[in-house]
Amino acid sequence: MFRLILNFFRKRRIRKYASDVETGLIPMSEISTVNIVIDVEEPGFDVLKDDIMAWSKGKDFKVNLYFFDFRRLGKDELLLTSITNTLLKKELDWVGMPALSKIAPLLEEKSDLFISMVDNANFPIDFVARCTKARFKIGRHEYDGHPYNMILAGGETADLRSEARQIFAAITDFITKIK
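One structure accompanies this document, and this report is about it. (Residues numbered from 1 in each chain as written. Predicted model: local features only at pLDDT ≥ 70, side-chain atom pairs only at ≥ 80, totals over all residues. Heavy atoms only, no water.)

### Describing the nonpolar core
Ile-36, Ile-115 and Met-117 are the most contacted members of the largest nonpolar core, which has 28 residues in total. Mapped onto this core, the elements with two or more residues apiece are β1 (33-39), α2 (45-56), β2 (62-69), β4 (113-116), β5 (136-139) and α5 (164-176). Tallying contributions element by element places α5 first for this core, with five residues. Apart from residues no more than four positions distant in its own chain, Met-117 is found in contact with Ile-36, Val-37, Ile-38, Glu-42, Leu-48, Arg-140, Ala-164, Ile-167, Phe-168 and Ile-171. (Core = buried A, V, L, I, M, F, W, Y, C linked by side-chain atoms within 4.5 Å. Buried < 20%, exposed > 50% of the residue type's maximum accessible area, 1.4 Å probe, protein only. Helix = DSSP H or I, 4+ residues; strand = E, 2+ residues; numbered from the N terminus. Contact = heavy atoms within 4.5 Å.)

Written as structure tokens, this is what we have:
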């Protein structure tokens, strides 16, 4: 019963904040802003972040990195990323929606490309994917309603999450070929 109520309120929140920007494939020449979301729990997170920063160097567009960190941090543990662009589990409401004050830059900025490197079906990334005002959306996980224009996932192996670097390389290779 609780799951039914929870899904009802989640759908209402998505309808309220959903993006009305028309999406589709766009060539690299039309991209001026790229928003990328990374899961801090991703194996090889630091290397993936370095790959993204290396890819963005020398490009004619701005890259904004946002992080999802839903780990339980002990008293002695520190965040791996800046608090200003990291969404923490404690910043989710009872429905699982991120605090709007925290994700406002990601949702309100009209970007050209949104890439989600998060490989799970959690509601916060589903919400962000549907509500971000990007013209071209790429993700790693399929959701009902198909918020992404393109989905790249790893193989059917148990180490699916460890393939993030290869998936990011495939994404960048593909989008450079769009004319």
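### Examining the packing of aromatic side chains
Aromatic ring pairs are described here by two measures, namely the spacing of the ring centres and the angle between the planes. Evaluation of the coordinates by the stated rule reveals 10 aromatic pairs. Look at Phe-9 and Trp-94: their rings are 5.4 Å apart centre to centre, the planes differ by 65 degrees, and that puts the pair in the edge-to-face class. Residue Phe-9 is located in helix α1 (residues 2-17), and its partner Trp-94 is located in the loop between β3 (86-88) and α3 (100-108); the two are separated by 85 residues in the primary sequence. Taken together, a centroid distance of 5.7 Å and an interplanar angle of 75 degrees make the contact between Phe-45 and Phe-67 edge-to-face. Residue Phe-45 is found in helix α2, and its partner Phe-67 is found in strand β2; the two are separated by 22 residues along the sequence. (Phe/Tyr/Trp six-rings, centres within 6.5 Å; stacked < 30°, edge-to-face > 60°.)

### Some words on the sheet that holds β1
Strands sit in the order β3-β2-β1-β4-β5-β6 across an open sheet of six strands; the sheet is parallel. The open sheet has two edge strands, β3 and β6 (150-151), and neither has a second partner. With respect to the sheet, α3 is in contact with β1, β2, β3 and β4, its orientation differing from that of β3 by roughly 140 degrees. (Pairing = 2+ DSSP bridges. Axes fitted to C-alpha atoms, helices over the stretch in contact; angles between N-to-C directions.)

### A short note on the pairing of β1
Buried residues dominate β1, accounting for seven of its seven residues. A two-sided burial pattern is seen for β1, the buried positions comprising Thr-33, Asn-35, Val-37 and Asp-39 on one face and Val-34, Ile-36 and Ile-38 on the other. Sheet topology places β1 next to β2; seven bridges connect them, and they run parallel. If you follow Asp-39 over to β2, its bridge partner there is Phe-68. Regarding the hand of the β-α-β motif, the stretch spanning β1, α2 and β2 is right-handed. Relative to β4, β1 runs parallel, the two sharing four bridges. Residue pairing across strands places Val-37 opposite Ser-116, the latter belonging to β4. (Right-handed = clockwise from strand over helix to strand, strands pointing away.)

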